[in-house]
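Examining the three-dimensional arrangement
Residue-level listing of the chains:
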Amino acid sequence: MSEPEPVRYERRGAAALITIDRQHRRNAVDGPTAASLHAAYLRFEADDDARVLVLTGAGGVSFCAGADLKATDTMAGRLMSEEGPMGFTRLTPSKPTIAAISGFCLAGGLEIALWCDLRIATEGSTLGFPERRWGVPLIDGGTQRLPHVVGLGRALDLILTGRMIDAHEALSIGLLNEIVAPAAHLERALELAEGLARFPQSTLLADRRAAIEGLGLTLAQGLALEAQAGPSVFADGQRGAARFAAGEGRGGAGAGA
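Everything in this summary refers to the structure shown in the same document. Small disclaimer: the values here were computed from a predicted structure and weren't measured.

Overview of the state of the cysteines
- Considering all chains together, one arrives at zero disulfides under this definition.
- With no disulfide of its own, Cys64 has Cys105 as its nearest cysteine by sulfur position, at a separation of 7.6 Å.
- Residue classification places Cys105 among the buried positions, given a relative accessible area of 0%.

Shown next as structure tokens:
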């Protein structure tokens, strides 16, 4: 029997689902898998009907254990690539992204999860940068994204010590957005994706872009960036306000994805 494709791309409603499937290596990524991840990312960006990307690992034992340390030779040519060694980690998606995590989310796998906007994990999942003990550096955005998500102090704790944490500690520091029951991670991520897809997209995307691009700017610069989207999305805001004025959504009905 032939081995499965290391990366699968499929549509699930309004979501594009990308699955890493190298279960014999705990879904660790080698060079060809990274190239397939990049191709899947480009496919998502080109698909206007795919409003949210959900990223997961096959099998339930591991989301992604990072780069395949038994195949580092296949990654050597990707170290300075514009898209990032793990496939797309130096690119910024134009639409929302969700990591659906079960099991091990380690090293470059955690960097991929940090690339996503939201992270959902099952009970019993483990996250961290244990590659510290081997002297393997973080080169897929972990040193930049983790401080933005959890703050510099907590980020340095994980980056410098290489300790691994469980899902509940990850939730408590803001690394995870939600913990779900075993095997429920993909269902919840797809449910959340459908919720995001139902919102008016022009304002959702404008607010997301302002939040991401505003990081590192002064408050004045960030406010100016936020204001730029106002005229282009004002008509959508007016339509939404009219629906509320007509009685829709009272008492918070429909809030939350």
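Structure's up, so let's keep going.
Focus on the pattern of salt bridges
- With the rule as written, the count across this model stands at twelve salt bridges.
- One salt bridge in this structure joins Asp117 and Arg208, with 2.8 Å as the shortest N-O distance. Placement of the pair is Asp117 in the loop between helix H2 (108–115) and strand S7 (118–122) and Arg208 in helix H7 (residues 201–213), with a sequence separation of 91 residues.
- Assessed through its relative accessible area of 27%, Asp117 is described here as partly exposed.

Some thoughts on the packing of helix H3 (residues 142–150) against helix H4 (residues 152–161)
- Packing of H3 against H4 brings their axes to within 7 Å, and their N-to-C directions diverge by 135°. Overall, the two elements H3 and H4 adopt an arrangement that is oblique. As H3 runs across H4, the sense of the crossing is right-handed. Residues Gly142, Thr143, Leu146, Pro147 and Val150 of H3 lie in contact with H4, whose contacting residues are Leu152, Arg154, Ala155, Leu158 and Ile159.
- Tallied by class, the residues present in the contact of H3 with H4 amount to seven nonpolar, two polar and one charged.

Digging into the sheet that holds strand S9 (residues 164–166)
- Pairing in this open sheet of four strands is mixed, and the strands run S4-S6-S8-S9 from one edge to the other. Two strands bound the open sheet, and with one partner strand each, they are strand S4 (62–64) and S9. Sheet twist, expressed as the average angle between the axes of neighbouring strands with direction ignored, equals 20°.
- As judged from the three bridges shared by strand S6 (residues 104–106) and strand S8 (residues 126–128), these two strands associate in the parallel manner. Bridge pairing in S8 places Phe104 opposite Thr126.
- The strands touched by H2 within the sheet are S4, S6 and S8, with S6 carrying the most contacts at an inclination of about 90°.

Quick look at the nonpolar core
- In this structure, Phe63, Ile101, Leu127, Leu146 and Leu175 are the most contacted members of the largest nonpolar core, which totals 44 residues.
- Core analysis: the second largest hydrophobic core is formed by 14 residues, Ala15, Val52, Ala193 and Leu196 among them.

Digging into the pairing of strand S2 (residues 15–20)
- Burial within S2 is extensive, with six of its six residues counted as buried.
- Every second residue of S2 is oriented toward a common face, with Ala15, Leu17 and Thr19 on one face and Ala16, Ile18 and Ile20 on the other, all of them buried.
- In the sheet, strand S1 (residues 7–12) pairs with S2 via six bridges, with the strands oriented antiparallel. Paired with Arg11 across the strands is Ala16, a residue of S2.
- As consecutive antiparallel partners, S1 and S2 are separated by two residues, and within that stretch Gly13 has a phi angle of approximately 65°, a positive value.
- In this view, the connection linking S2 to its parallel neighbour strand S3 (residues 52–57) by way of helix H1 (residues 31–46) has right-handed handedness.

So, how was this worked out
Residues numbered from 1 in each chain as written. Predicted model: local features only at pLDDT ≥ 70, side-chain atom pairs only at ≥ 80, totals over all residues. Heavy atoms only, no water. Disulfide = S-S within 2.5 Å. Buried < 20%, exposed > 50% of the residue type's maximum accessible area, 1.4 Å probe, protein only. Salt bridge = Lys/Arg side-chain N within 4 Å of Asp/Glu carboxyl O. Helix = DSSP H or I, 4+ residues; strand = E, 2+ residues; numbered from the N terminus. Axes fitted to C-alpha atoms, helices over the stretch in contact; angles between N-to-C directions. Parallel < 35°, antiparallel > 145°, perpendicular 65-115°, else oblique. Left-handed = near helix turned anticlockwise from the far one by under 90°. Contact = heavy atoms within 4.5 Å. Nonpolar A, V, L, I, M, F, W, Y, C, P; charged D, E, K, R; others polar. Pairing = 2+ DSSP bridges. Core = buried A, V, L, I, M, F, W, Y, C linked by side-chain atoms within 4.5 Å. Right-handed = clockwise from strand over helix to strand, strands pointing away.

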